[in-house]
Amino acid sequence: MATSDRQARTLALAHALSAAERGLAVIPLSRRKLPALRSPHRADPARPPCHGECGRFGHGVHDASTDPARVRALFAAAPWATGYGIACGLPPHQLIGVDLDTKPGTDSPAALRALAVRHRFTIPETVVVLTPSGGRHLWLTGPPDVAVPNSASRLAPGIDIRGAGGYLVGPGSRGTHGTYTTAPGTAHLGPAPCPPALLHLLLPPPPRPSRAPSAAGGASLVHFVRTAHEGERNARLFWAACRAWEQGMGAALAGALLDAALDTGLPEPEARATLGSAARRVGGGG
């Protein structure tokens, strides 16, 4: 194990414990920004979604905790973790992440400024985390009785939202492409309240009952992937994984979706990369 790897693991735990001390629930992340612990139910795709009720680790953001002893136990179970995720939508902060991504042909900061002008809100001074790819994460807080959903480019191209069931990569985390850092001048700040006009934009119309997460819904997504033909396997896996994250069972269903993709003949590295892309697109950190 390289010294830099040991340092990254030690620093990840230290930063995670510091965040937990400030009331931010955390989980360990791998270098690919995904939850470091795999689902204990990945071999049983027909099992109803479990959010940690079984008592084992491996339920993604549902493992997140502010308890130092539990945080240490999570990292002990994932000694390869070089980063940590901060769960959004949980008390006391009800964190909302505005992920200003860097995509070709888009200017997400300009798009956010345009939205602010059009809808008459001011982007507040708040915690800003710089990503290795040049993006920015703005930390905001929401009302305790409002669940902001995760979304990808729904607000504007290049602007992803991390809400209930999602997480932000915490500053000090080391990923494949570098380290996440707090923007100069914002480290002393706390997350600012989300402007009401912006909060209104983040909330979709009331969901239809048919979109509620269910065991049948998870099984149907797995079946959708398993019945893919050559030429559509990757696209089906990405679509199904995005829907799983949107329905709050992305982490729990990831193992079953991976197995289904492998059954179709999709190479494992390609399948894992696709699952990672879906997690970052909808449910994970940017």
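Analysis parameters
- Residues numbered from 1 in each chain as written.
- Predicted model: local features only at pLDDT ≥ 70, side-chain atom pairs only at ≥ 80, totals over all residues.
- Heavy atoms only, no water.
- Disulfide = S-S within 2.5 Å.
- Buried < 20%, exposed > 50% of the residue type's maximum accessible area, 1.4 Å probe, protein only.
- Helix = DSSP H or I, 4+ residues; strand = E, 2+ residues; numbered from the N terminus.
- Polar contact = N/O pair within 3.5 Å; in protein donor to acceptor, adjacent residues only side chain to side chain.
- Pairing = 2+ DSSP bridges.
- Expected span 1.5 Å × (residues − 1).
- Salt bridge = Lys/Arg side-chain N within 4 Å of Asp/Glu carboxyl O.
- Core = buried A, V, L, I, M, F, W, Y, C linked by side-chain atoms within 4.5 Å.
- Contact = heavy atoms within 4.5 Å.
- Bend = angle between axes of the 7 residues up to and from the residue.
- Axes fitted to C-alpha atoms, helices over the stretch in contact; angles between N-to-C directions.

Trainee: Explanation requested: the state of the cysteines in the structure shown.
Mentor: Here, disulfide denotes a covalent bond that connects the sulfur atoms of two cysteines. Taken as a whole, this structure holds zero disulfides when the rule is applied. Not engaged in a disulfide, the cysteine Cys-50 finds its nearest cysteine sulfur in Cys-54; these two sulfurs lie 3.9 Å apart. Overall, Cys-50 belongs to the buried group, its relative accessible area being 5%.

Trainee: Looking at this structure, I do not really get the environment of Arg-162. What am I missing?
Mentor: With respect to the element layout, Arg-162 can be found in strand S7 (residues 159-162). On a C-alpha basis, the gap between Arg-162 and Arg-9 in space is 25 Å, while along the polypeptide they are 153 residues apart. Within the structure, the side chain of Arg-162 is placed 3.3 Å from the side chain of Asp-99, a separation counted as a polar contact. A polar atom in the side chain of Arg-162 sits 2.5 Å from the backbone oxygen of Arg-280.

Trainee: I would appreciate a short explanation of the pairing of S7 in the present structure.
Mentor: Going residue by residue along S7, you find Ile-159 and Ile-161 tucked away on one face and Asp-160 and Arg-162 tucked away on the opposite face as well. Here four bridges tie strand S3 (residues 95-100) to S7, and the two strands are oriented antiparallel to one another. Across the sheet, the residue bridging to Asp-99 is Asp-160, located in S7. In terms of strand pairing, strand S6 (residues 151-156) meets S7 through three bridges, oriented antiparallel. Looking at S7, one finds that Ala-152 is bridged to Asp-160. Between S6 and S7, which pair antiparallel and follow one another directly, the connecting turn spans two residues, one of which, Gly-158, has a positive phi of 85°.

Trainee: Just to check I follow, could you spell out helix H6 (residues 233-246) for this structure?
Mentor: Because the α-helix completes a turn every 3.6 residues, residues three or four places apart line up on one side. Its 14 residues place the ends of H6 20 Å apart at the C-alpha level, agreeing with the 20 Å of an ideal helix rising 1.5 Å per residue. Those residues of H6 that fall on the buried side of the exposure criterion are Arg-233, Arg-236, Leu-237, Ala-240, Ala-241, Cys-242, Arg-243, Ala-244 and Trp-245.

Trainee: Any chance you could explain the pattern of salt bridges here in plain terms?
Mentor: If the charged atoms of two oppositely charged side chains come close together, the side chains can form a pair. Enumeration over the complete set of coordinates arrives at eight salt bridges. Each of Asp-101, Lys-103 and Asp-160 takes part in a single network of salt bridges with overlapping partners.

Trainee: How do you make sense of the nonpolar core when you look at a structure like this?
Mentor: Soluble, globular proteins show a tendency: their nonpolar side chains are buried together. The biggest cluster of nonpolar side chains holds 55 residues, and the ones touching the most others in it are Val-26, Trp-139, Leu-237 and Leu-257. The element that contributes the greatest number of residues to this core is helix H7 (residues 250-263), accounting for seven residues. When residues no more than four places from it in sequence are discounted, the contact partners of Leu-257 are Leu-221, Val-222, Val-225, Leu-237, Ala-240, Ala-241, Ala-244 and Leu-275. Counting residues in hydrophobic clusters, the runner-up holds 23 residues, among them Ile-96, Ile-159, Leu-198 and Leu-199.

Trainee: What is the right way to read H7 from this model?
Mentor: A rise of 1.5 Å per residue sets the reference length of H7, with its 14 residues, at 20 Å; its end C-alpha atoms lie 19 Å apart and thus fit the reference within 8%. For H7, the principal kink sits at Ala-256 and spans about 25°. Across the 14 residues that make up H7, a large majority, ten, are buried. Just beyond H7, the residue with positive phi is Gly-265, at close to 100°.

Trainee: Quick question: what am I supposed to make of the sheet that holds strand S1 (residues 26-29) here?
Mentor: For sheets, the rule is that strands pair by backbone hydrogen bonds, running either parallel or antiparallel. Pairing is antiparallel across the open sheet formed by three strands, whose spatial order is S1-S2-S8. On the outer flanks of this sheet lie S1 and strand S8 (167-169), each paired with one strand and no other. Averaged over neighbouring strand pairs, the angle between their axes works out to 35° when direction is ignored. Two elements, strand S2 (residues 83-87) and S8, share three bridges in a ladder whose sense is antiparallel. Looking at the pairing, Ile-86 lines up with Leu-168 of S8.

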